[in-house]
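Structural features, examined
Each chain, letter by letter, is given below.
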Amino acid sequence: MPRPHFNNRNRTARSKKPKIVGDVRQYQLVNSFGVGSIVDFTKDTVIIAGVDDWDGTEDWEDRKIYNENLQALTGAKFFLTPKTASGSRFSKSRDIPAYVFPEMLYCPKCRRLIHYKEAANTKNPNLCCLNDKNGNLCKGRLVASRFVVVCENGHVEDFPYSWWVHRGETCGSGKDVQRMKMYNIAGRSDVESLFVECEDCGKRRSLNGAFAEHSFSGENGYHCNCNHPHLKTKKRAGETGCDKPLKTRLRSASGVYFPVSYSALSIPPWNRKAVQIVEGLYEYLEDMTKDKILKHLANKAAASIPIEQLLEAYEIIKARKTEDTPRSEADIYFDEYKVLGKGDLQSEDEYSAFTAEIPPGFERYFDKITVVDKLTVVQALKGFTRLKPWNGNSSAVAPLSSTQKEWLPAVKLNGEGVFFKFNEEILLSWAERAGQRYEEMETALENSFYKDANPRFSPRYVLLHTFAHLLIRQLANECGYSASSIREKIYSSFKGERNQMYGVLIYLASSDADGSLGGLISIAEDPERLRGILENMLHKAQWCSADPLCITSKNQGFLSLNYAACHDCVLLPETSCESGNILLDRVSVVGTPDDLSAGLFGDYLSRE
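Residues numbered from 1 in each chain as written. Predicted model: local features only at pLDDT ≥ 70, side-chain atom pairs only at ≥ 80, totals over all residues. Heavy atoms only, no water.

Let's talk about unusual backbone geometry
Residue P269 is bonded to the preceding P268 through a cis peptide linkage, with omega at 0°. Structurally, the position occupied by P269 is in the loop between β17 (258-265) and α4 (273-285). Note that the residue after D547, namely P548, is joined by a cis bond; omega there is 5°. Turning to its location among the elements, P548 is positioned in the loop between α12 (527-541) and α13 (549-552). If you check the backbone angles, L387 has positive phi at about 75° while not being a glycine. Here L387 is to be found in the loop between β20 (366-385) and β21 (407-422). Even without a glycine there, the phi angle at S560 is positive, about 60°. Turning to its location among the elements, S560 is positioned in the loop between α13 and α14 (587-590). Overall, S560 belongs to the partly exposed group, its relative accessible area being 30%. (Helix = DSSP H or I, 4+ residues; strand = E, 2+ residues; numbered from the N terminus. Buried < 20%, exposed > 50% of the residue type's maximum accessible area, 1.4 Å probe, protein only.)

Printed below as a string of structure tokens:
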């Protein structure tokens, strides 16, 4: 388990060693608590620093990950896991740097705002070092300021309290640095009653208008300073100006940080140990003669990995590296879809699967159900956005380091899954019945900033996506899983691609243990049990506590990109959904009370 610490930029004069501020799980460092995120620990609030220092450690080679498909998807040469050191109970490390942020601290006792450097050289930097009205040390427990300002280019900085109070003008006291205090009036605790006051000139101003859309605009406006406080330099190299307006947010608000992450399954042949060994050597080998390659690989051969496998791996990698056209996201999805659809693949490194019996009554809906009893997913962090989730526009992604790296931070997730391959004929028949139902959803998507984020949109995608959500919710209800621990991967055809896909992967994966405890496997192995879960899922999806409003709606969810889908019936935690809880409609699965045939499984429900 990695342990973030204050690194050199924020180390106090009294500190000879980095200060450990808390623990985070390895997986969280490529997700919700990734580089650039603000994390509240017990005593300190920090921003996770960039990866500038990650590649200078002794065990760098041991932490490399190779996944050919994910490399093609992200453009990285390889991936690097956060460093961990073996402990007696957990794997822990002090090698994840963090910086104090917000840098403005607040004392609830004397209600004054203090820059962290003022308290840094005191005996206890977590206590207020100012005097109270009686001249005694306040010693109130300092907490991080609640407010930050953020822009859509990924910049973030402390709320400009002095500028806000003085409305961009110079303080009447003539002091370069003013003492500010913040308090609520009339014993209230809402933002409307929250005021900031300058103790030096007596001016004060309510924070009520700070959250307005254009609160920092105007002639004396406060403009973005291009701050990236997670970087050593605080600014990206060569960045001199930003034209995006700043907006006030609570430091812990979800909109302050959206990770931009990619994931890919570790599938044959790229999951094989021989291939991964040669992958790390390929650049060194590619300019050698055949005899030298053979000699070099012979030194790497062992009893478990004979020279023949290494030579075969070299030829596999060479063929991929010398392809004329670069591989697209659609190609990678289709590779995974083909492997999952094969069913039986035993004794493969990092991947193993077998075909399960289709539950009675559902044979016409599914062509195959594959149980993946050994599943490995590599998840990489490419950057992050602020204010809005990533929409496919790479220019809006904030950097992970002050200079570009040839690698990305990533983790391997081990677990298990169940893959449902739908029958093509019945699914296309349903799409024909659906007709023009999803034209409004497509129009809303095209008019939103999400228009480039999902090139798979179609009525088929809505159906498969909704089926995955309903099944995850049912598994969470019946099998004791938390919905946030189960994830989905939708295999639906990309626009303009000839390769057709009709599948859904539901899986569990974790970086902290060797997968789960076999719960999904035991469910999928028992056709009667799986039949009961599917039936209960369909019956439950027919009714929502928000009906009839929900079932008849065509403008629910973020940017009106859902139809009959709300928190009571379809939506999932953010960690489970691959598309931000949009493009969902339970009518596509179960139909409506008046027309069951509008849903793929409508005829199954009508026979009961």
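Having put the structure on the table, let's press on.
Some thoughts on the pattern of salt bridges
Pairing between side chains of opposite charge can happen when their charged atoms approach one another. Using the criterion set out here, one finds 20 salt bridges in the structure. One salt-bridge network, held together by shared partners, links R320, R327, D335 and K338. (Salt bridge = Lys/Arg side-chain N within 4 Å of Asp/Glu carboxyl O.)

Quick word on the pairing of strand β14 (residues 194-198)
Most of β14 is tucked away: four of the five residues are buried. As paired strands, strand β13 (residues 180-184) and β14 are joined by five bridges and run antiparallel to one another. Residue pairing across strands places N184 opposite L194, the latter belonging to β14. By the bridge criterion, three bridges tie β14 to strand β15 (residues 204-206) in an arrangement that is antiparallel. Each residue of the ladder has a partner; that of V196, found in β15, is R205. With antiparallel pairing between neighbouring strands as the criterion, β14 and β15 make up a hairpin whose turn holds five residues, including G202 at a positive phi of roughly 85°. (Pairing = 2+ DSSP bridges.)

Concerning the sheet that holds strand β10 (residues 143-144)
The three strands are arranged β9-β8-β10 in an open sheet whose pairing can be described as antiparallel. Edge positions in the open sheet fall to β9 (113-115) and β10, since each of these has one partner strand only. Taken together, the three bridges between strand β8 (residues 104-106) and β9 define a ladder with antiparallel strand orientation. Looking at β9, one finds that M104 is bridged to H115.

Examining the environment of G154
Counting through the fold element by element, G154 comes out in the loop between β11 (147-150) and β12 (156-158). Those residues in contact with G154 that sit more than four places away from it in its chain are H228, F384, R386 and A398. (Contact = heavy atoms within 4.5 Å.)

Things to note about the packing of aromatic side chains
Following the criterion strictly, the structure yields 37 aromatic pairs and no others. Residues F362 and Y365 carry aromatic rings whose centres are separated by 6.1 Å and whose planes lie at 55° to one another, so their mutual orientation is tilted. Within the aromatic cluster, the residues linked to one another by ring pairs are F147, F159, Y161, W163, W164, F211, F216 and Y222. Lying over the aromatic face of F78, K64 brings its terminal NZ or CZ to 4.4 Å of the ring centre. Residue placement shows R364 over the ring face of Y365; its charged tip is 5.3 Å from the ring centre. (Phe/Tyr/Trp six-rings, centres within 6.5 Å; stacked < 30°, edge-to-face > 60°. Lys NZ or Arg CZ within 6 Å of the ring centre and 35° of its normal.)

Some words on the sheet that holds β11
Within a sheet, neighbouring strands are paired by backbone hydrogen bonds and run either parallel or antiparallel to one another. On the basis of which strands lie adjacent, the open sheet formed by three strands has the order β12-β11-β16 and antiparallel pairing. Each edge of the sheet is formed by a strand with only one pairing partner; in this case those strands are β12 and β16 (247-250). For this sheet, the mean angle separating the axes of adjacent strands, direction not counted, is 40°. With three bridges connecting them, β11 and β12 associate as antiparallel partners. Paired with V149 across the bridge in β12 is E157. (Axes fitted to C-alpha atoms, helices over the stretch in contact; angles between N-to-C directions.)

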